[in-house]
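The lines below spell out each chain.
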Amino acid sequence: PEPTRASSLIDQQRETADYSLVIVGAGLIGSAAARHAALGAAPGSRIALVGPSEPQGRQPGEWGAFGAHHDEGRITRCTDPDPTWALLAQRSIDRYAEIEEQSGVQFFSEVGHLAVGPAGAPLLVARAANAAAQGVPHELLDAAALRERYPYLFFPAGAAGVWEPRRSGHISARRLVTAQISAAQRCVRPGVAFERVDESAVAVEEEAAKAAAGTEQATGEAEGEAPAPSYRVLLRDGRELRAARVLLCCGAFTNGPSRLVPVPLRLSNFTTQTVHFSLGDGDAARFEGMPSVIAKFPTWWAYLLPPIRYPDGRTVLKLGGARVEDASAPAARLDAAGRTPGRGGTRPLPEPSDLLTWYRSGGDAAARCEMEGMLHELVPGLQPLEVRSDACANCRTETGLPLVGKVRGQLYAAAGGNGLAAKSSDEIGRLAALAALGSLCCGEGGLQRWQEPDYESELLARERFAPC
């Protein structure tokens, strides 16, 4: 489709502007919510997506903006031990081709996905069972089949795998964000204005008059005019955006350091870290056709991305994981996302200042050495040209599901990816846009609404994701 000029309806020189919806956070979920809002909001709506672009040309310690999408490799798959996350992924993956077509940006590499663990392990059995129940093509592999198909990978004796050949592999997180924003700009619905505001939000303030009057009014535009602006979004450069509704999609930064929520949401941040092996042409050629891999064993866990070309020209084999001292940890005390709150390789980041310090550190030196050793064991014979480490953060929830919905009044949030949201971000963003706007236009005059339960699956009932 040809680009439209609807975004030019907004005078970018004004210090204060009125918007139907301001989305704060231009990462994976925020950009997805922006695309769905731009394509489905009621005519006359004005949508803004606020957030800084990825820093360029500086070291992590000098950055002022951080995001989990500042990378090229994220695993995508339709299978999952948890059926809700599997459904979120499947709905998102179903729209990958649409997003690529609308934006002209390719971000999905369909190389397949392999989940490995001890034969009969509960998580592996649950993954296969959910795949069968949801009609996801897959194949069960025993130890001999794993050795035959993937001679460059070494797994412990007694390993088994679930091989997912289609609609799986890996995505470029940064290109997916670019694609979502480009699609919102190019395909914005006639009569809807969309603006990308490349700046950080430092605060969201509820206007006193609106707060006194109460804000529990209907959100669907079909029932009448949109409510008058009731929030001020303050930007780092001094500008102010006035909005009828605000949707926060700030991940690990939802509770600070910026003043975005009236009270902290039930989110917990943890460290995550990866090691990057830069490969020469010979090593890279060994892995032709390699899938993305998740492996969970009694004494270690890891995820592995096949060689990916990065913007700086490196070909990178990336691993994240850790050794686990407690042999029962990977199979015990699992939350709804199949994760353990204190699993090896992570530690809590209780304060916003801890989060910033961790991102700027580039990661822990001891963890980097441990992961280097794990990667050499999992992929014997590697001769990396360079080894780097990268720090990120995992924003977890008590339920293991993302928080999506109303915080209070007309303030909404979508946060808590639990380390599983990149591949599923388009569906999470759609649900967030539905929560904030009440409905989205689709097809020939049709409307999408987020019902109780969801109009297609009770797994996505609104109450399961409620932030408060």
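## Quick word on the overall build of the protein chain
In step 1: Of the regular secondary structure elements, the protein chain holds eleven helices and 21 strands.
In step 2: Burial status across the protein chain gives 57% buried among its 468 residues.
In step 3: Accessible surface, the protein chain as shown: approximately 19000 Å² in total, 51% of it carbon and sulfur.

## A closer look at the sheet that holds strand 5 (residues 113–118)
In step 1: Spatial ordering of the open sheet is given by 6-7-5-14-15-16-13-17, a layout of eight strands whose pairing is mixed. In this open sheet, the two strands that pair with only one neighbour each are strand 6 (139–141) and strand 17 (386–397). Neighbour-to-neighbour, the strand axes of the sheet open up by a mean angle of 20 degrees, direction not taken into account.
In step 2: Set on the sheet, helix 4 (residues 122–133) makes contact with strand 5, strand 6, strand 7 (159–164) and strand 14 (292–297); between it and strand 5 the angle comes to about 140 degrees.
In step 3: Running over the sheet, helix 9 (residues 352–361) touches strand 13 (267–278) and strand 17 and is turned about 160 degrees from strand 17.

## Overview of the packing of aromatic side chains
For any two aromatic rings, the description comes down to two numbers: the centre-to-centre distance and the angle of the planes.
In step 1: Tallied over the entire structure, the rule returns eight aromatic pairs.
In step 2: Measuring from ring centre to ring centre gives 6.5 Å for Tyr150 and Tyr152, while their planes differ by 70 degrees; the resulting arrangement is edge-to-face.
In step 3: Of the residues examined, Tyr150 reaches a relative accessible area of 5% and is grouped as buried.
In step 4: Among the residues examined, Tyr152 registers a relative accessible area of 9% and is labelled buried.
In step 5: Linked through ring pairs, Tyr150, Tyr152, Trp163 and Phe287 together constitute an aromatic cluster.

## Thoughts on the sheet that holds strand 4 (residues 108–109)
In step 1: Ordered in space as 3-8-4, the three strands form an open sheet in which the pairing is antiparallel. Strands at the two margins of the open sheet, each flanked by one partner only, are strand 3 (74–76) and strand 4.
In step 2: Direction of pairing for strand 4 relative to strand 8 (residues 169–171): antiparallel, over a ladder of two bridges. Looking at strand 8, one finds that Ser109 is bridged to His170.

## Regarding the nonpolar core
In step 1: In this structure, Leu21, Ile23, Ile47, Phe107, Phe194, Leu247 and Val404 are the most contacted members of the largest nonpolar core, which totals 56 residues.
In step 2: For this core, the elements supplying multiple residues, two or more each, are strand 1 (16–24), helix 1 (28–40), strand 2 (46–50), helix 2 (83–94), helix 3 (96–103), helix 6 (173–186), strand 19 (411–415) and helix 11 (425–437).
In step 3: It is helix 11 that contributes the most residues to this core, eight residues altogether.
In step 4: In contact with Val404, other than residues within four places in its own chain, are Ala413, Ala414, Ile428, Leu431, Ala432, Trp450, Phe465, Ala466 and Pro467.

## What to know about the side chain of Arg95
In step 1: By secondary structure assignment, the location of Arg95 is in the loop between helix 2 and helix 3.
In step 2: Here Arg95 falls in the buried class, since its relative accessible area comes to 15%.
In step 3: Not counting residues within four places of it along the chain, the set of residues in contact with Arg95 comprises Arg35, His36, Asp426, Glu427 and Arg430.

## Structural notes on helix 4
In step 1: The terminal C-alpha atoms of helix 4, which comprises twelve residues, lie 16 Å apart, in line with the 16 Å expected from a rise of 1.5 Å per residue.
In step 2: Leu123, Leu124, Arg127, Ala128, Asn130 and Ala131 are the residues of helix 4 that are buried. Projected onto a plane normal to the axis of helix 4, the buried residues spread over an arc of 165 degrees and lie on a single side. Exposed side of helix 4, more than 90 degrees from the buried face: Pro122, Ala132 and Ala133 are the residues found there.
In step 3: Here the buried face of helix 4 lies against helix 2, strand 5, strand 6, strand 7 and strand 14.
In step 4: Taken from the residues just after helix 4, Gly135 is the one with a positive phi, measuring 70 degrees.

## Quick look at the confidence of the model for the protein chain
Low-pLDDT portions of the prediction should not be read for the details of their coordinates.
In step 1: On average, residues of the protein chain score 88 in pLDDT, and 85% of them are at 70 or above.
In step 2: Low pLDDT (under 50) marks residues 1–15, which in the prediction has 23 contacts with non-local residues, meaning those over four places away or in another chain.
In step 3: Note that residues 209–224 has pLDDT below 50 and, in this model, 29 contacts with residues that lie over four places away or in other chains.

## Some words on the state of the cysteines
In step 1: Going through the model one piece at a time under the given rule, you end up with zero disulfides.
In step 2: Lacking any disulfide linkage, Cys441 is separated from the closest cysteine sulfur, that of Cys442, by 7.7 Å.

## Overview of the pairing of strand 15 (residues 300–309)
In step 1: The element strand 15 is largely enclosed, with a buried count of seven among its ten residues.
In step 2: The pairing of strand 14 with strand 15 spans five bridges and is classified as antiparallel. The residue of strand 15 that forms the bridge with Phe297 is Trp300.
In step 3: Connecting the antiparallel pair strand 14 and strand 15 is a turn made up of two residues.
In step 4: Sheet topology note: the strand 15/strand 16 (residues 315–323) ladder contains eight bridges and is antiparallel. Bridging from a neighbouring strand, Ile308 pairs with Val316 of strand 16.
In step 5: Where strand 15 folds back on strand 16, the antiparallel hairpin that results is connected by five residues, among which Gly313 adopts a positive phi of roughly 95 degrees.

## Some thoughts on the pairing of strand 9 (residues 193–197)
In step 1: Most of strand 9 sits out of view: four of its five residues are buried.
In step 2: Examined bridge by bridge, strand 2 and strand 9 share five bridges and lie parallel to one another. Counted as the bridge partner of Arg46 is Ala193 from strand 9.

## Some words on the packing of helix 1 against helix 6
In step 1: Taken N-terminus to C-terminus, the directions of helix 1 and helix 6 make an angle of 20 degrees; their axes are 8 Å apart at the nearest point. Relative to helix 6, the element helix 1 lies roughly parallel. The two elements helix 1 and helix 6 cross, and the hand of that crossing is left-handed. Listed contacts from helix 6 to Leu28, Ser31, Ala32, Ala34, Arg35, Ala38 and Leu39 of helix 1 are Ala173, Leu176, Val177, Gln180, Ile181, Ala183 and Ala184.
In step 2: Here the residues of the contact of helix 1 with helix 6 are counted per class, giving eleven nonpolar, two polar and one charged.

Cut-offs used in this document
Residues numbered from 1 in each chain as written. Predicted model: local features only at pLDDT ≥ 70, side-chain atom pairs only at ≥ 80, totals over all residues. Heavy atoms only, no water. Helix = DSSP H or I, 4+ residues; strand = E, 2+ residues; numbered from the N terminus. Buried < 20%, exposed > 50% of the residue type's maximum accessible area, 1.4 Å probe, protein only. Areas by Shrake-Rupley, 256 points an atom, 1.4 Å probe, with all protein chains shown as cover. Pairing = 2+ DSSP bridges. Axes fitted to C-alpha atoms, helices over the stretch in contact; angles between N-to-C directions. Contact = heavy atoms within 4.5 Å. Phe/Tyr/Trp six-rings, centres within 6.5 Å; stacked < 30°, edge-to-face > 60°. Core = buried A, V, L, I, M, F, W, Y, C linked by side-chain atoms within 4.5 Å. Expected span 1.5 Å × (residues − 1). Arc of directions from axis to C-beta. pLDDT = per-residue confidence, 0-100. Disulfide = S-S within 2.5 Å. Parallel < 35°, antiparallel > 145°, perpendicular 65-115°, else oblique. Left-handed = near helix turned anticlockwise from the far one by under 90°. Nonpolar A, V, L, I, M, F, W, Y, C, P; charged D, E, K, R; others polar.

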